[in-house]
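Below, each chain spelled out in residue letters.
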Amino acid sequence: AERTLVLVKPDGVRRGLSGEILRRVEAKGYTLRAVRLMDATPELLAAHYAEHEGKPFYQPLVDFMLSGPVLAVVAEGNNVIAGFRSLAGATDPTVAAPGTIRGDLGRDWGLKVVQNLVHGSDSTESAAREIGLWFPELV
Ligand code: ATP
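Just so it is clear, the model here is predicted, and its values are computed rather than measured. (Residues numbered from 1 in each chain as written. Predicted model: local features only at pLDDT ≥ 70, side-chain atom pairs only at ≥ 80, totals over all residues.)

With 30 residues, the main nonpolar core has V6, L7, A75, F84 and V118 as its most contacted residues. Secondary-structure elements contributing two or more residues to this core are β1 (3-8), α2 (18-27), α4 (58-65), β3 (70-76), α5 (80-88), α6 (101-105) and α7 (124-134). No other element matches the six residues that β3 contributes to this core. (Core = buried A, V, L, I, M, F, W, Y, C linked by C-beta atoms within 7 Å. Buried ≥ 20, exposed ≤ 12 C-beta atoms within 10 Å, placed from the backbone. Helix = DSSP H or I, 4+ residues; strand = E, 2+ residues; numbered from the N terminus.)

Neighbouring residues of the ligand: F57, L61, R85, T91, V113, V114, N116, H119 and D122. Taken together, the residues of the shell around the ligand sort by class into four nonpolar, three polar and two charged. (Near = placed C-beta within 6 Å. Nonpolar A, V, L, I, M, F, W, Y, C, P; charged D, E, K, R; others polar.)

Here the focus is unusual backbone geometry. If you check the backbone angles, N79 has positive phi at about 60 degrees while not being a glycine. Topologically, N79 is positioned in the loop between β3 and α5. Its 12 C-beta neighbours within 10 Å are what place N79 among the exposed residues. Backbone geometry places L117, a non-glycine residue, at a positive phi of 70 degrees. Following the sequence through the fold, L117 ends up in the loop between α6 and β4 (118-120).

Note that every value here comes from positions in space, so none of it alone points to a role or purpose.
Structural data, given as structure tokens:
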């Protein structure tokens, strides 16, 4: 079945929302294949966010992702890549629809980087690449 990489970002872990976010993933019917609370590293984030290098929010994003532990998750299920992005909602929590993780739980902190609780892979290619980065032992 299809797999995706989900990250509960440091704001989600810090706010005690890891369980609520995993609950929503499981309630949707996806299977958790791997879950690990970990500290990201600059090297891991440089690879994960390579497409954003040079953008104005890049360094704030990396600093934010290093600000505390991240819960890395591999979720599996039919259409889980698009399905999780639908569960997550729009990037900006102030416009994300109610019923979504970011819409229900995300806040506008008025910072240089959007602290939007979660990451989800956006394609089969990025899912494979990102699962390889965060869970090298699975590939
Ligand atoms: P989505 O694809 O749903 O927008 P994403 O997490 O994949 O979510 P990306 O465009 O890949 O979003 O950006 C990665 C992350 O960088 C975002 O989740 C957010 O935390 C941050 N970010 C993106 N765009 C901005 C921006 N314009 N200003 C500040 N932070 C941003």
